[in-house]
Each structure stands twice: as C-alpha cells, then as structure tokens.
Amino acid sequence: MWKIDLTYRETLQTTLDRLFEKKNTLQNHRPLSGVALQQIIETLSIEWTYNSNSIEGNTLSLRETQMVLQEGVTISGKSLREHFEAVNHQTALRYLYGLVAKNNPISSNDILDLHALVLRNIEDDFAGRLRNAGVRIAGANFTPPNAQKVSDLLDELILFVNENPSGLNIIELATVFHHKFVWIHPFFDGNGRTVRLAMNLLLMKEGFPPAIILKNDRAKYYAGLNSANKGNYKKLVLLMAQALERSLNIYLSAFPGNTAEYTEISNLVKEADLPYGQEYISLLARQGKIDAHKEGRNWFTTKEAVEEYAKKQNHKSTA
Ligand SMILES: Nc1ncnc2c1ncn2[C@@H]1O[C@H](COP(=O)(O)OP(=O)(O)OP(=O)(O)O)[C@@H](O)[C@H]1O
Ligand SMILES: [Mg+2]
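All chains use their own residue numbering, which begins from 1 and follows the written sequence. Chain letters start at A and ligand numbers start at 1, both assigned in the order the entries are written. In keeping with the model being predicted, local features are shown solely for residues with a pLDDT of at least 70 and side-chain atom pairs are shown and tallied solely at 80 or more, while totals for entire chains, interfaces and linings include all residues. As a rule here, side-chain values cover all heavy atoms of the structure and leave hydrogens and water aside.

Per an unreviewed UniProt entry, the recorded name for the protein is Fic family protein, and the organism is Aequorivita ciconiae.

Student: Tell me what's going on with the nonpolar core, and back it up with residues and numbers.
Tutor: Take the buried residues of types Ala, Val, Leu, Ile, Met, Phe, Trp, Tyr and Cys, join any two whose side-chain atoms come within 4.5 Å, and each joined set is a nonpolar core. Residue exposure (1.4 Å probe, protein chains only): buried if accessible area is under 20% of the type maximum, exposed if over 50%, otherwise partly exposed. Counting residues in hydrophobic clusters, the biggest one holds 72 residues, and the most contacted among them are Phe-160, Phe-177 and Phe-181. At eleven residues, the largest contribution of residues to this core is made by helix H10 (residues 234-253). Counting residues in hydrophobic clusters, the runner-up holds twelve residues, among them Leu-268, Leu-274, Ala-285 and Ala-292. The numbering of helices and of strands both runs from the N terminus, where a helix is a DSSP run of H or I of at least 4 residues and a strand a run of E of at least 2.

Student: An account of the packing of helix H6 (residues 147-163) against helix H7 (residues 170-184) is requested, with residue identities and associated values reported.
Tutor: Contact geometry for H6 and H7: axes closest at 10 Å, N-to-C directions at 180 degrees. Relative to H7, the element H6 is oriented roughly antiparallel. The segment H6 lies against H7, with Val-150, Leu-153, Leu-154, Leu-157, Phe-160 and Val-161 engaging Leu-173, Val-176, Phe-177, Lys-180, Phe-181, Trp-183 and Ile-184. Lys, Arg, Asp and Glu make up the charged group, whereas Ala, Val, Leu, Ile, Met, Phe, Trp, Tyr, Cys and Pro make up the nonpolar group; the residues left over, Gly among them, are polar. Looking at the contact of H6 with H7 residue by residue, the class counts come to twelve nonpolar, no polar and one charged. Lines fitted to the C-alpha atoms define the axes, with helices restricted to the stretch that makes contact. Angles between their N-to-C directions range from 0 to 180 degrees. Roughly parallel means an angle under 35 degrees; roughly antiparallel, over 145; roughly perpendicular, 65 to 115; everything else is oblique. Whether two residues are in contact is decided by their heavy atoms, any of which lying within 4.5 Å being enough.

Student: Run through the site of ligand 1, naming residues and quoting values.
Tutor: The local shell around ligand 1 holds 20 residues, among which Asp-189, Asn-191, Arg-193, Arg-196 and Asn-226 are the closest. Note on areas: Shrake-Rupley with a 1.4 Å probe; residue coverage comes only from the protein chains shown. Considering ligand 1 on its own, with 590 Å² of exposed area, one finds that the protein chains cover 91% of that surface. Definitions used throughout: a 1 Å grid over protein atoms alone; a cavity as a set of points that fits a 1.4 Å probe which cannot get out; a pocket as an open set with protein on both sides within 12 Å along at least five of seven lines; a lining residue as one with an atom within 4 Å of a point. Being in a pocket or cavity means that more than half of the molecule's atoms lie within 2 Å of its grid points. Taken atom by atom, the bulk of ligand 1 overlaps the second largest pocket. Sorting the residues of the shell around ligand 1 by element identifies helix H2 (34-56), H7, helix H8 (191-205) and helix H9 (218-229) as the ones contributing at least two each. The element best represented in the shell around ligand 1 is H9, accounting for five residues. Per-class residue counts for the shell around ligand 1 are eight nonpolar, eight polar and four charged. Residue proximity to a molecule or strand is established when one non-hydrogen atom of the residue lies within 4 Å of it.

Student: How would you explain the domain arrangement of the protein if you had to name every residue and give the values?
Tutor: The split of the chain into domains comes from an automatic or database domain assignment. With domains assigned, the protein is organised as domain 1 (9-253) and domain 2 (263-318). Centre-to-centre, using C-alpha coordinates, domain 1 lies 29 Å away from domain 2. Listed per partner, the contact involves 13 residues of domain 1 and 14 residues of domain 2. When domain 1 packs against domain 2, the two sides together hide about 1,100 Å² of surface, and 38% of this comes from carbon and sulfur. By convention in these notes, a salt bridge is any Lys or Arg side-chain nitrogen within 4 Å of a carboxyl oxygen on Asp or Glu. Connecting domain 1 to domain 2 are three salt bridges. Residue Glu-295 is joined to Arg-246 by a salt bridge in which the shortest nitrogen-to-oxygen separation is 3.1 Å. We define a polar contact as two N or O atoms separated by no more than 3.5 Å, with the added condition that, inside protein, one atom must be a possible hydrogen donor and the other a possible acceptor, whereas residues neighbouring each other in sequence contribute only through side-chain atom pairs. Inspection of the domain 1/domain 2 interface yields eleven residue pairs in polar contact (both at pLDDT 80 or more). Counting only elements with at least two residues in the side of domain 1 that touches domain 2, the list comes to helix H1 (9-28) and H10. A per-element tally of the side of domain 1 that touches domain 2 places H10 first, with six residues. When two parts are brought into contact, each loses some accessible area as probed by a 1.4 Å sphere; the total of that loss over both is the buried area.

Student: Please provide a residue-by-residue account of empty space enclosed by the protein, values included.
Tutor: Grid points are joined across faces, edges and corners, and a volume is the space filled by probe spheres set on the points. In total, this model carries two cavities of 30 Å³ or more according to the counting rule given. Here the largest cavity defines a volume of roughly 90 Å³. The greatest single-element share of the lining of the largest cavity, amounting to four residues, is contributed by H10. As a volume, the second largest cavity reaches approximately 30 Å³. Lining of the second largest cavity is provided by Trp-48, Ser-52, Arg-196, Met-199, Asn-200, Ala-211, Ile-212 and Ile-213. Mapped onto the lining of the second largest cavity, the elements with two or more residues apiece are H2 and H8. Considering each element in turn, the lining of the second largest cavity owes the most residues, three residues, to H8. A class-by-class count of the residues in the lining of the second largest cavity yields five nonpolar, two polar and one charged.

Student: I'd love a proper account of the side chain of Ser-247, names of residues and values included.
Tutor: By the secondary structure assignment, Ser-247 is in helix H10. Contacts of Ser-247, omitting those with residues within four sequence positions, involve Leu-44, Pro-209, Pro-210 and Ile-212.

Encoded structure:
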C-alpha cells in the first residue's frame, strides 16, 4: 500500500479545518429550497463541464458551453467532437449525482462507467476500457506504468481509498486519489476528465460540494501534480482546498441571512480600513491562510476574514 508523506499538514491545517467547519455549517443549515438548490447545482455543473473540458483543450467558452447544454444549440466554427464533449460531461455528471445518492463505496465499475460516458461517440473503441499499451504524458516528470499493471494498480488504489490506511481526511484522500489515478493513467485518453469526476464522488459522498479546478489554474494544477509525483502533496492539497472553498462559499452565500460579503481584494482595500495592503492580503488568500476564493483571475475575501487573521496574529505576538 502507498505511504503518504504528511509533513504538509502543519502549514495547511487551518485551511483544512476551515473547510470542514464550512461543510458542517452547510450540513446543519435548514436545507435550501428545491429551486435554490437546483439552481446552484445547475450553475456549478456548467462551470464544471466548461472548466474540465477546457483544461483538456476544448475551446468552447463558458457561455457557449451553457448554450450547448441548456439550449441545445450548435456553435458555428466548433467541432462536433467539442459539442459531444460538453454533452457527454453533463451526462456523466448526472450519472455521478446518482452514484452520490446511492452512497456505495467507490468501485472500478463506477470509474469505467464514468469514462465510458465521457468518451461516448468520441472514442468509442476506448470508452470504458483500460488501456492495453504504453502512454506518455507531455510535460510530466514521469512515465505511467506498464499497461499490464494498470488493472491491479487501479484495484489497489480503490482499496486504498475505501480502507484509508493512512487516516487521511476526505480532502487529502480525494487529492491523493486524483494524483495516483493520473499517475496510473488507466486510459488512453480522458484520464483527467474522469478523475475530476471520480475525485468529486469521494468528496460529495461526504457532504462536500464538488471541487472545480479552474482552467485558469491549469499551470498550478500541473505543477501540483508534478510535485506530488516527487512525494510532496502540499501544492496539490492546497489547490484542491481552494477549489473546494469556492464551491462551499457559493453554497453558503445562498442561505437566507448570510452576511459574508466576498469582495475582490483590490476593491476591499479601497472600501475598508484594513491592517494590511492588497499584496499581503492576496498572499494570505493564495496561501489559504484566510477565508477567500478565486473567481476568474481575481481573489475574493471578506473584511471579517482579514480582521480575524490580524487578531490571531496579535494574540500570537502578545502571548
Ligand atoms: N505532470 C503531471 N503529472 C501527473 N499527471 C499529469 C501531469 N500533467 C498532466 N497530468 C494528468 O494527465 C491528465 C491528462 O490525461 P488525458 O489526456 O488522458 O486526460 P484528458 O481528460 O483527455 O485531458 P485533461 O486531463 O487534460 O483534461 C491531466 O488532466 C492531468 O490530470
Ligand atoms: Mg486527452
């Protein structure tokens, strides 16, 4: 079984704790109305489809993805394949929500099923099938294992996730699962899209919303995977945590009576009298040290989050 180096925990503990707190708040709230909930799920689903496919190279914009999915239109100048990728991902998402509701331990059949949906009508020869020959990943610092080992390695990974021998929390477990999965690279194509679905199956079964890795974070994502290949999970766990925090904030903002006002940091420093400047607050946000999330290229946080951090620092220095 895989041994995981947990030294990153020291720096990420506050971030991870904050996410579990938010998840608990979410679970302890009165449920959102059906309409409000459906709306969030729908919006996040479109974002998820857009970002995941865009990371893979699909050129449909967010708006175009939305038009294809919600209005069934065809976008001129875009290939049939790109349309299929959008529709397939949405179908796979629906399937995924069904798996979450069933709440069984994750199985290799779930993964093959998701993969089959992702590549349907696109690469029908490979859809839902493990690879039977070698692959290389451009830009990666390793070569995936021999095809003959893939099936056993995948079983081993699933066992690892279901038994969790290192006692990882679910955010860490989903991150390690993601990394090991793309390291194994069980399929000829579609590994990334499939693992971004399967990883969220783990998180969602535990009551988290999906973590959506943004296209804008692609470089950071690959850097995180590369450093995980060397045994260091810090960057990748932080990236997952940030993706998760964004979705948590979206859910929490939908509750009546919510007072958190997430504001772009460059605006916040103008509006509020804060103990730090824009650069330092942005750094704290990127490091996961304050309650914050990214939209597009910009970081958003609240006045209270910055003040709370400053207060803690004061306590530390006067203690
Ligand atoms: N340096 C790396 N180390 C480990 N895995 C990597 C690295 N670079 C990329 N990958 C993984 O390989 C995936 C690409 O595999 P593949 O082309 O089969 O999937 P895809 O779904 O078609 O594309 P994508 O994953 O880009 O969406 C990436 O998403 C990423 O998860
Ligand atoms: Mg690919």
